[in-house]
Amino acid sequence: LFDAKTQQRITDAEVRAKVGEVGLAPQERKLDLMIHGGAPTYCHYFKLSGSGPYRITVLIRKAGAAHPIEASFEHSHPRR
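Now for a description of the structure that goes with this document. (Residues numbered from 1 in each chain as written. Predicted model: local features only at pLDDT ≥ 70, side-chain atom pairs only at ≥ 80, totals over all residues. Heavy atoms only, no water.)

### Structural notes on the pattern of salt bridges
Any two side chains of opposite charge can pair if their charged atoms end up close together.
Now for step 1: Tallied over the entire structure, the rule returns three salt bridges.
Now for step 2: Two residues, Arg16 and Glu28, come together in a salt bridge whose shortest N-O distance is 3.0 Å. Of the two residues, Arg16 sits in strand β1 (residues 14-21) while Glu28 sits in strand β2 (residues 27-36), which places them 12 residues apart along the sequence.
Now for step 3: Arg16 sits in the partly exposed class, given a relative accessible area of 27%.
Now for step 4: Residue Glu28 is classed as partly exposed on the basis of its relative accessible area of 39%. (Salt bridge = Lys/Arg side-chain N within 4 Å of Asp/Glu carboxyl O. Helix = DSSP H or I, 4+ residues; strand = E, 2+ residues; numbered from the N terminus. Buried < 20%, exposed > 50% of the residue type's maximum accessible area, 1.4 Å probe, protein only.)

### Re the side chain of Thr57
Now for step 1: Relative to the elements of secondary structure, Thr57 occurs in strand β4 (residues 54-61).
Now for step 2: Of the residues examined, Thr57 reaches a relative accessible area of 10% and is grouped as buried.
Now for step 3: Among the polar contacts made by the side chain of Thr57, one reaches the side chain of Ser72 at a distance of 2.9 Å.
Now for step 4: Once residues within four sequence positions are removed from consideration, Thr57 is found in contact with Arg16, Ala17, Lys18, Glu70, Ala71 and Ser72. (Polar contact = N/O pair within 3.5 Å; in protein donor to acceptor, adjacent residues only side chain to side chain. Contact = heavy atoms within 4.5 Å.)

### Points about the packing of aromatic side chains
Now for step 1: This structure, assessed with the given rule, holds zero aromatic pairs.
Now for step 2: In this arrangement the basic side chain of Arg29 is found over the ring face of Phe46, its NZ or CZ atom lying 4.9 Å from the centre. (Phe/Tyr/Trp six-rings, centres within 6.5 Å; stacked < 30°, edge-to-face > 60°. Lys NZ or Arg CZ within 6 Å of the ring centre and 35° of its normal.)

### Considering the nonpolar core
Among soluble globular proteins, nonpolar side chains are generally buried collectively.
Now for step 1: Among the nonpolar cores identified, the biggest contains 10 residues, and these are Ile10, Ala13, Val15, Ala17, Val19, Leu31, Tyr42, Ile56, Val58 and Ile60.
Now for step 2: For this core, the elements supplying multiple residues, two or more each, are β1 and β4.
Now for step 3: Contacts of Val19, omitting those with residues within four sequence positions, involve Pro26, Gln27, Phe46, Leu48, Arg55 and Ile56. (Core = buried A, V, L, I, M, F, W, Y, C linked by side-chain atoms within 4.5 Å.)

### Details of the pairing of β4
Now for step 1: In terms of residue burial, β4 counts as a mostly covered element, since six of its eight residues are buried.
Now for step 2: One ladder, built from eight bridges, connects β1 with β4; its direction is antiparallel. Along β4, the bridge assignment pairs Glu21 with Tyr54.
Now for step 3: The pairing of β4 with strand β5 (residues 69-75) spans seven bridges and is classified as antiparallel. Each bridged residue has a counterpart across the sheet, and for Ile56 the counterpart in β5 is Phe73. (Pairing = 2+ DSSP bridges.)

Here it is as structure tokens:
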């Protein structure tokens, strides 16, 4: 997670994610700050057991910010 203006890593944000199949109620979890490959990242596990597509919404509240930044996208598993 990087600051758009400074390009510096953000390591003090509150990050939450909502994940669910489109049209169904999502699971929501706080993402934990972890070190992966020597770099800080925010993560958590979500069970994706349906056929999808999935709507993923990430809410990022930087320290001291009044409102979170929201980003949403869809994900589909590759067909076998």
